[in-house]
Amino acid sequence: MNQSLVAAVSVFSAAFALAIAAMGSALAQGNATGKALESIARQPEARGPITQSLIVGLAFIESLTLYVLLIAIVLIFVNPFTK
C-alpha cells in the first residue's frame, strides 16, 4: 500500500476518533453533572458523598478520552502500519 495513503488514513482516523470521544465525553460529563446537581437539590444533606462520586465518575469519563488521545498520538507519530 502507498505510504502517503496509510499516513493520510491514519491521521483522518485519529482525528475522527478524537472528535467522537470528545463529543461523547462532553455529553456524559454534562449529563453526570446535571444529575448530580439535581440530586443535591433534592437532598442537600447528601452533598458531600454526591460530590465525591461525581468527581470520581468525571475522572473515569475523562480517562477514556485520554486513552483515545494516546491512541491518536501513536497513530500519527509512531504509526504501526508503516514499515
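Residue indices follow the written sequence of each chain, beginning from 1 at its first position. Thresholds applied to this predicted model are a pLDDT of at least 70 for local features of residues and 80 or more for the giving and counting of side-chain atom pairs; totals over whole chains, interfaces and linings are not thresholded and use all residues. Heavy atoms throughout the structure, all of them, feed into the side-chain values; hydrogens and water do not.

(A) Main features of the overall build of the protein. Counting secondary structure elements, the protein contains two helices and zero strands. Relative to the 2.2 N^0.38 estimate, which gives 12 Å for 83 residues, the radius of gyration of the protein is 19 Å and therefore markedly larger than a compact globule would have. Considered along the principal axes of its C-alpha atoms, the protein spans approximately 60 × 15 × 10 Å. Burial analysis of the protein (83 residues in total) assigns 17% to the buried set. Contacts in the protein between residues at least 24 apart in sequence constitute 74% of all its contacts with a sequence separation of at least 6. Per the convention used, a helix needs a DSSP run of H or I reaching at least four residues, while a strand needs a run of E reaching at least two, with both numbered from the N terminus. Every radius of gyration here is taken over C-alpha atoms, with the globule rule written as 2.2 Å times N^0.38, N being the number of residues. The buried label applies to any residue whose accessible area, calculated with a 1.4 Å probe on protein chains only, is under 20% of its type's maximum; exposed applies above 50%, and partly exposed to all values in between. Pairs of residues are marked as contacts when any of their non-hydrogen atoms sit within 4.5 Å.

(B) Quick look at the pattern of salt bridges. A pair is scored as a salt bridge if a Lys or Arg side-chain nitrogen falls within 4 Å of a carboxyl oxygen belonging to Asp or Glu. Scanning all chains against the criterion turns up one salt bridge. The salt bridge involving Arg-42 is made with Glu-38; its shortest N-O contact spans 4.0 Å. Note that Arg-42 and Glu-38 are positioned in helix H1 (residues 3-42) at a spacing of four residues, about one turn of the helix. Relative accessible area serves as the criterion here: at 40%, Glu-38 is assigned to the partly exposed category.

(C) Looking closely at a nonpolar patch on the surface. Together, Val-11, Leu-66, Leu-69, Leu-70, Ile-73, Val-74, Ile-76, Phe-77 and Val-78 make up a nonpolar patch on the protein surface, roughly 830 Å² of accessible area in all. Examining the composition of the nonpolar patch, we find that seven residues originate from one element, helix H2 (residues 47-77), more than from any other. Judged by relative accessible area, Leu-70 falls into the exposed class, the value being 52%. A patch consists of residues whose relative accessible area exceeds 30% and which take part in no salt bridge; residues with like charges are grouped when within 9 Å of each other, and nonpolar side chains (Val, Leu, Ile, Met, Phe, Trp, Tyr) when within 5 Å. In short, Shrake-Rupley with a 1.4 Å probe defines the accessible areas, and a residue's cover is counted only from the protein chains shown.

(D) The arrangement of the environment of Leu-69 in detail. Note that Leu-69 resides in helix H2. Judged by its relative accessible area of 35%, Leu-69 is partly exposed. Taking the C-alpha atoms as reference, Leu-69 lies 8.7 Å from Ala-21; in sequence the two are 48 residues apart.

(E) Inspection of H1 at higher detail. One less than the residue count of a helix, multiplied by 1.5 Å, gives the span that helix is expected to have. Relative to the 58 Å expected for 40 residues at 1.5 Å per residue, H1 spans 58 Å between its end C-alpha atoms, a close match to the ideal helical length. Looking at H1, one finds that the buried residues are Val-6, Ser-10, Ala-14, Ala-21, Ser-25 and Ala-36. On its buried side, H1 packs onto H2.

(F) Examining H2 more closely. Taking 1.5 Å as the rise per residue, H2 with 31 residues should run 45 Å; its terminal C-alpha atoms sit 44 Å apart, in good agreement. Every buried residue of H2 is accounted for by Ile-50, Ile-61, Ser-63, Thr-65, Ala-72 and Leu-75. Contact partners of the buried residues in H2: H1.

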